[in-house]
Amino acid sequence: MFTALLLTGCANNAVVELQKLDANAIGNKNILVIDDGRTKDSIRHVITSKLDEHGFKYKVVETSQSNSASSQEPKLIYSANWWWDVATYMRYLNVEIVDNGTVIALVKIDTVMCGGFDKFGSAQQRTELSLDLLLSDLSKEEANKLICLGGESNN
């Protein structure tokens, strides 16, 4: 019985931490996207595409440039980690927006929390959903369902 429950993926709590972005927090919608050079380029492209979709203006800079005096805009910092278990899958995704040293928005997902085989899903889709959760009115409950069971956000 336990094995059957484990394999069926009875949980769907992939969103382990969330602080949604207040719509007024970034008035001019300018943001720096910090490219750490370690995370797959495909994730950066998904993030910048979502920023476009949500009306943000952004500039991608390398980590070494992110603390320069000319970069006073809020910073979007992200990381994703891939694991292997029968196949490679995105295990973690962390996205945070920092303004003047303070985290003003944050989303962290852990796909293992989906349970069973539901951890194997599209990294692109999960990144898109995480950004929708962070930047729009997508609820945490709906995001959990979509991240773990597949599907697309209406946002």
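About the criteria used
- Residues numbered from 1 in each chain as written.
- Predicted model: local features only at pLDDT ≥ 70, side-chain atom pairs only at ≥ 80, totals over all residues.
- Heavy atoms only, no water.
- Salt bridge = Lys/Arg side-chain N within 4 Å of Asp/Glu carboxyl O.
- Helix = DSSP H or I, 4+ residues; strand = E, 2+ residues; numbered from the N terminus.
- Buried < 20%, exposed > 50% of the residue type's maximum accessible area, 1.4 Å probe, protein only.
- Core = buried A, V, L, I, M, F, W, Y, C linked by side-chain atoms within 4.5 Å.

**What to know about the pattern of salt bridges**
Pairing between side chains of opposite charge can happen when the charged atoms of each approach one another.
Okay, step 1: For the coordinates displayed, the defined rule picks out six salt bridges.
Okay, step 2: The closest approach of N and O atoms between E53 and K50, which form a salt bridge, is 3.1 Å. Here K50 and E53 lie together in helix α2 (residues 41-53), a separation of three residues that amounts to about one turn.
Okay, step 3: When its relative accessible area of 47% is taken as the criterion, E53 is described as partly exposed.
Okay, step 4: The closest approach of N and O atoms between K145 and E142, which form a salt bridge, is 3.9 Å. In this pair, K145 and E142 both sit in helix α4 (residues 140-149), three residues apart, roughly one turn of the helix.
Okay, step 5: Judged by relative accessible area, which is 40%, K145 ranks as partly exposed.
Okay, step 6: By relative accessible area, which is 31% here, E142 ends up partly exposed.
Okay, step 7: Through salt bridges with shared partners, one network takes in K50, E53 and D132.

**Side note on the nonpolar core**
Most often, soluble globular proteins have nonpolar side chains that are buried together.
Okay, step 1: Formed by 33 residues in total, the largest nonpolar core has its most connected members in L76 and I97.
Okay, step 2: Those elements giving two or more residues to this core turn out to be β2 (30-35), α2, β4 (75-85), β5 (87-99), β6 (102-110), α3 (123-135) and α4.
Okay, step 3: When residues of this core are assigned to their parent elements, the largest contribution, six residues, is made by α3.

Geometric descriptors of this kind do not, in isolation, establish any biological role.
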